Amino acid sequence: MTRLIIQIPCLNEAETIAQTIDELPRAIDGIDQIEILIIDDGSTDETVSVAKAAGAHHIVSNGVNRGLAQSFTRGIDAALRLGADIIVNTDGDNQYKGEDVAALVRPILDNRADIVVGDRQTATIDHFSPTKKALQKLGSQFVSNLANAEVADAVSGFRAFSRDAALGLTVRSSFSYTTETIIQAGRRRLRISSVPIRTNKVDRPSRLFRSIPHFLVRTGRTMLRAYAMFEPLRIFAGLGILLMLAGSVPVVRFLIHFFAGDGSGMIQSLIIGGVLMLMGAISAMFALIADLVAYNRQLLELTLERVRKIEYAMEADKTAARKRFPAQKIRDELSALKSRVGG
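Presented here is an overview of the structure given in this document. Bear in mind the structure is a predicted one, so any value in this text is a computation, not a measurement. (Residues numbered from 1 in each chain as written. Predicted model: local features only at pLDDT ≥ 70, side-chain atom pairs only at ≥ 80, totals over all residues. Heavy atoms only, no water.)

Some words on the overall build of the protein chain
Here's step 1: Within the protein chain, the secondary structure is distributed over 11 helices and 7 strands.
Here's step 2: Counting over 343 residues, the protein chain shows a buried share of 42%.
Here's step 3: Long-range pairs, those at least 24 residues apart, make up 74% of the contacts in the protein chain between residues at least 6 apart in sequence.
Here's step 4: When the accessible surface of the protein chain is totalled, it reaches about 18,600 Å², and 60% of it is carbon and sulfur. (Helix = DSSP H or I, 4+ residues; strand = E, 2+ residues; numbered from the N terminus. Buried < 20%, exposed > 50% of the residue type's maximum accessible area, 1.4 Å probe, protein only. Contact = heavy atoms within 4.5 Å. Areas by Shrake-Rupley, 256 points an atom, 1.4 Å probe, with all protein chains shown as cover.)

Here it is in structure tokens:
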């Protein structure tokens, strides 16, 4: 039986969550069971009660506002514990067309992808400014290069994950999961696919970032950190080479003047060049250390993935056992056995 769980991180989405849930499909070819999971990120309105009334099957509450990245992670964990074979993430503000869930999961069902990202085709969205369209295209291309995979809309939150892909996800950012999970998946050589999706206009301002510059800074920091975790040798070694090349220029300048008999006034060049070359050598040493740390991190992630598989399998076995042998039935049988023995 193939189980699909659609998770929806929510923060004060009482006005839109009912419509969002109502537009989600209740049946998809190849899917036997569809369930809806709400991750309440400290909402202060009636989001949870409205979601329950609209048909949500599961509720995970953060208690307080923990941010989108942690809400996404908690949702993935809950979906895996519930036995999801495919997990779809969407937004509670009804930005994405629920009908497109079927197109989103199709590449996974056909075993053509491990992760599918919904492409909003931002170039065709009328209410997106030219600046936002250009930044989205440039940013998606940059993320694609870092991930070594082609992704048309890197910051789209409408995406699907196979169970195996979700088991290996480890989100470290406190801001957003979108770019980090793509870079991580690409570097793990998972199959990433994009499918065109439709969107609805959302009038309220984003709760994730205050402005475009704020979004660019936070996202850029997340991308750099995610890439550095997988390619530390390339980053630190490249920095070291640049520093040593920069340091070699004043050193060569000093040597030319020194052998020409005019080196007494060029000591500053020798000092500056020597410091730069020393910094380059230190960066090169950091590159080796960081590469060893990255290798160790990969081993830890593999261990964590196996632990998760074992943990979720044990929980599934316990759940099946409870369904097969309900506690009340066991107590009744024990009571009857005691009565027979006593008799």
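A look at the packing of aromatic side chains
Here's step 1: Evaluation of the coordinates by the stated rule reveals 3 aromatic pairs.
Here's step 2: With centroids separated by 3.9 Å and ring planes inclined at 5 degrees, the aromatic side chains of phenylalanine 72 and tyrosine 177 adopt a geometry described as stacked. Placement of phenylalanine 72 in helix H3 (residues 68-81) and of tyrosine 177 in the loop between helix H6 (163-167) and helix H7 (178-187) is noted, with a sequence separation of 105 residues between them. Neither residue differs from the other here; phenylalanine 72 and tyrosine 177 are each classed as buried.
Here's step 3: Centre to centre, the rings of tyrosine 96 and phenylalanine 158 are 5.1 Å apart; their planes meet at 10 degrees, and the pair counts as stacked. Pair noted here: tyrosine 96 is in the loop between strand E4 (86-89) and helix H4 (101-109) and phenylalanine 158 is in the loop between helix H5 (130-147) and strand E6 (159-162), with a separation of 62 residues, a long-range link.
Here's step 4: Connected via pairs of aromatic rings, a cluster forms that spans Phe72, Phe161 and Tyr177. (Phe/Tyr/Trp six-rings, centres within 6.5 Å; stacked < 30°, edge-to-face > 60°.)

As for the pairing of strand E3 (residues 58-61)
Here's step 1: Summarising the sheet, strand E2 (residues 33-40) and E3 pair through 4 bridges and their orientation is parallel. Bridge pairing in E3 links isoleucine 39 to valine 60. (Pairing = 2+ DSSP bridges.)

Some thoughts on unusual backbone geometry
Here's step 1: With a phi angle near 65 degrees, asparagine 94 is a residue other than glycine that sits in the positive phi range.
Here's step 2: Tracing the backbone shows asparagine 94 in the loop between E4 and H4.
Here's step 3: Look at glutamine 121: it is not a glycine, yet its phi comes out positive at around 50 degrees.
Here's step 4: For glutamine 121, the position within the fold is in the loop between strand E5 (115-119) and H5.

Comments concerning the environment of glutamate 315
Here's step 1: One can find glutamate 315 in helix H10 (residues 267-324).
Here's step 2: Overall, the relative accessible area of 26% leaves glutamate 315 in the partly exposed class.
Here's step 3: Along the chain, glutamate 315 and glycine 83 lie 232 residues apart, while their C-alpha atoms are 9.4 Å from each other.

Here's the deal with the sheet that holds E2
Whether parallel or antiparallel, the strands of a sheet pair through hydrogen bonds between backbone atoms.
Here's step 1: Read across the sheet, 7 strands follow the order E3-E2-E1-E4-E6-E5-E7 without closing on themselves; strand pairing throughout is mixed. A strand with exactly one partner marks an edge of an open sheet, and here the two such strands are E3 and strand E7 (192-196). Neighbour-to-neighbour, the strand axes of this sheet turn through a mean angle of 20 degrees, independent of strand direction.
Here's step 2: Pairing of strand E1 (residues 3-10) with E4, which is carried by 4 bridges, proceeds in the parallel orientation. Within E4, the residue paired with leucine 4 across the bridge is isoleucine 86. (Axes fitted to C-alpha atoms, helices over the stretch in contact; angles between N-to-C directions.)

A closer look at the pairing of E5
Here's step 1: Of all 5 residues in E5, 5 are buried, a share of seventy percent or more.
Here's step 2: Burial along E5 is two-sided: Ile115, Val117 and Asp119 facing one way and Val116 and Gly118 facing the other are all buried.
Here's step 3: Taken together, the 5 bridges between E5 and E7 define a ladder with parallel strand orientation. Across the sheet, the residue bridging to isoleucine 115 is isoleucine 192, located in E7.

Things to note about H5
Here's step 1: For H5, which comprises 18 residues, the first-to-last C-alpha distance of 26 Å matches the rise-based estimate of 26 Å (1.5 Å per residue) to within 8%.
Here's step 2: Taken together, the buried positions of H5 are occupied by Gln136, Ser140, Val143, Ser144, Leu146 and Ala147. Looking straight down H5, one finds its buried side chains confined to an arc of 160 degrees; they lie on one side. Away from the buried face of H5 by more than 90 degrees, exposed residues Pro130, Lys137, Leu138 and Asn145 are located.
Here's step 3: Following H5 by one or two positions, asparagine 148 has its phi on the positive side, about 60 degrees. (Expected span 1.5 Å × (residues − 1). Arc of directions from axis to C-beta.)

Looking at the side chain of glutamine 136
Here's step 1: Note that glutamine 136 resides in helix H5.
Here's step 2: Judged by relative accessible area, which is 12%, glutamine 136 ranks as buried.
Here's step 3: Within the structure, the side chain of glutamine 136 is placed 2.8 Å from the side chain of threonine 122, a separation counted as a polar contact.
Here's step 4: From its side chain, glutamine 136 meets the backbone oxygen of alanine 152 in a polar contact 3.4 Å long. (Polar contact = N/O pair within 3.5 Å; in protein donor to acceptor, adjacent residues only side chain to side chain.)

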